[in-house]
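# Observations on the three-dimensional arrangement
In case you want the letters, here they are:
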Amino acid sequence: MNPAHAAAVHAPPGLDRCPLMPTYGAPTTMFVRGAGTELWDAEGGRYLDFLSGLAVTSLGHAHPAVTEALSRQAATLVHTSNLFATEHAAPLATALDRLIGDGAPAGGQVFFANSGAEANECAIKLARRFGGSGLRGLNGQRGLRGPNGMRGRHTVVSALGSFHGRTLATLHATGQPARHEAFQPLPEGFRHVAWLDVDALAAACDPTTVAAVLLESVQGEGGVNPATADYFVAVRRLCDERGILFMVDEVQTGLARTGRWFGFHHLGVVPDVVTLAKALGNGVPIGACWARADVAAAFEPGDHATTFGGNPLAAAAARAVVGELERIDAPARATAQGARLTAALRELPGVIAVRGLGLLLAAELAPGIDAKAVVADALAAGLVVNAVSPSALRLAPPLTVADAEIDEAVAILTTVLSEFPA
Ligand SMILES: *Cc1c(COP(=O)(O)O)cnc(C)c1O
């Protein structure tokens, strides 16, 4: 047993080991309450949350509109399965279609899942179906041979440095080969190319096996690396020329975090498939895969399913989230507060560069400063951020963050960073 895990803050007294699997490091802090940008630990210690549970709680903790929707729905109807229609799923899908169209209907359809990885699994399965895997034969039978034996076009090409999830398929889509080794063999049909390199992508996209390109608009876990419009426009053109789907993973960037409803809105393209999750439920687990209707039509009943996805509780919460994000004009807030935070971070001792969009930011630290050590000191000083790389802090506060809270967080970071040698 790892002794660190026995000592973890959530190991119940008297137990010689933590009852949770050691997939995460041993946490030293337990939060018991939150409100807006603030969190409190069991001793009453107050923290500013500039991580938002990994870009999830965009409306802040315990948002009254979400609490109200959850409480009402919990007392009304939590779950019935997708064998039956429910009150909230279709209106939520309609709202997402409108936001994907940046205010006008985008003409797509939505599958609701429970997480970002599951939203991407749906996208990958849809790409394979659209690419012709298990082609329907003349007599309507399924599972007949497509152009590549049993397989149609099925390969998904993604970028090095990407992150698409932790299930076996989305792990393989994730362009971090070092993370693959412990879990081989991974599902086939994935290929990685250098980020922002159109020629590498063109070389990888043979039109007989490749079904889709899957990219983030800003690589989040990979270090907060925004795509460029030149790159996305070139990818769109390449996909159109070769009949390949362009799928954009907006799990971390979606729903206004970057200052537009979706990150691809900055980049001059319209994708064929969009996945989202993190901010959609403000912490209630829900993911979504949107696809243009003619692409979604590749699915037929029985091709994909979920027991919980989009159930009344999650969908009611997400409807409240989307309504509230629209009411506060969340993209404008992310832009304004992001500009304020970016300007302040650039002035900090030990920060050599700030990158990102809106309120998804990374502060690159001077050589020799260990981001993990800064994160630990910031936590001790009452500020939650994380290390998105060994040398960079990620900041993703709620989109509702107040000017005074930004100033307070920057003051804490100034004190913390001034302890590190310049
Ligand atoms: C977090 C994340 C995922 C995975 O989401 P889970 O809900 O953890 O499965 C996928 N893609 C991106 C871009 C993410 O940031």
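Coordinates for the structure precede this section.
Residues numbered from 1 in each chain as written. Predicted model: local features only at pLDDT ≥ 70, side-chain atom pairs only at ≥ 80, totals over all residues. Heavy atoms only, no water.

### A look at the nonpolar core
Grouped together as the largest cluster of nonpolar side chains are 84 residues, with contacts concentrated most on Phe50, Phe232 and Leu280. Counting 22 residues, the second-largest nonpolar core is a separate cluster that includes Ile124, Leu126, Leu245 and Ala298. (Core = buried A, V, L, I, M, F, W, Y, C linked by side-chain atoms within 4.5 Å. Buried < 20%, exposed > 50% of the residue type's maximum accessible area, 1.4 Å probe, protein only.)

### A short note on helix 3 (residues 64-74)
Along an α-helix, residues three or four positions apart point the same way, because every turn accommodates 3.6 residues. Among all positions of helix 3, only Val66, Ala69 and Gln73 are buried. Along the axis of helix 3, the buried residues cluster in a sector spanning 65°; they form a single face. The inward-facing, buried residues of helix 3 abut helix 11 (312-327). (Helix = DSSP H or I, 4+ residues; strand = E, 2+ residues; numbered from the N terminus. Arc of directions from axis to C-beta. Contact = heavy atoms within 4.5 Å.)

### Digging into the state of the cysteines
For the structure shown, the criterion picks out zero disulfides. Considering cysteine sulfurs only, cysteine 239 is the nearest to cysteine 205, which forms no disulfide, with 6.0 Å between them. (Disulfide = S-S within 2.5 Å.)

### Notes on the side chain of arginine 129
In this structure, arginine 129 sits in helix 5 (residues 116-130). Engagement of the side chain of arginine 129 in a polar contact is seen with the side chain of aspartate 303, the distance being 2.9 Å. (Polar contact = N/O pair within 3.5 Å; in protein donor to acceptor, adjacent residues only side chain to side chain.)

### A short note on the site of the ligand
Every residue close to the ligand is listed here: Ser115, Gly116, Ala117, Asn120, Phe163, His164, Gly165, Glu216, Asp249, Val251, Gln252 and Lys278. One nitrogen or oxygen atom from the main chain of glycine 116 is found 2.8 Å from an oxygen atom belonging to the ligand. Relative to its free-state accessible area of 380 Å², the ligand is covered by the protein chains to the extent of 81%. Per-element accounting of the shell around the ligand gives the leading share, three residues, to helix 5. (Near = heavy atom within 4 Å. Areas by Shrake-Rupley, 256 points an atom, 1.4 Å probe, with all protein chains shown as cover.)

### A few points about the pairing of strand 14 (residues 360-365)
Along strand 14, six of the six residues are buried, which leaves the element largely enclosed by surrounding structure. The two faces of strand 14 match: Leu360, Ala362 and Glu364 on one face and Leu361, Ala363 and Leu365 on the other face are all buried. As judged from the six bridges shared by strand 13 (residues 351-357) and strand 14, these two strands associate in the antiparallel manner. Paired with valine 354 across the strands is alanine 363, a residue of strand 14. Of the strand pairs in this sheet, strand 14 and strand 17 (residues 392-395) are connected by four bridges, and their pairing is antiparallel. Paired with glutamate 364 across the bridge in strand 17 is alanine 392. (Pairing = 2+ DSSP bridges.)

### Points about helix 4 (residues 89-100)
If you check helix 4, its first and last C-alpha atoms are 16 Å apart, about what twelve residues at 1.5 Å a residue would give, namely 16 Å. Taken residue by residue, helix 4 has Ala89, Leu92, Ala93, Ala95, Leu96, Asp97, Leu99 and Ile100 as its buried positions. Buried residues belonging to helix 4 abut strand 4 (108-113), strand 11 (273-276), strand 12 (287-292) and helix 11. Phi for aspartate 102, located one or two positions after helix 4, is positive at around 55°. (Expected span 1.5 Å × (residues − 1).)

### Describing the sheet that holds strand 10 (residues 245-249)
Sheet strands associate in pairs through backbone hydrogen bonding, adopting either a parallel or an antiparallel arrangement. As summarised here, the arrangement of the seven strands in space is 4-12-11-10-7-5-6, forming an open sheet in which the pairing is mixed. Of all strands in the sheet, those with a lone pairing partner are strand 4 and strand 6 (190-193), marking the two edges. Neighbouring strand axes in the sheet, compared pairwise and without regard to direction, differ in orientation by 20° on average. Pairing between strand 10 and strand 11: three bridges, direction parallel. Bridge pairing in strand 11 links valine 248 to valine 274. (Axes fitted to C-alpha atoms, helices over the stretch in contact; angles between N-to-C directions.)

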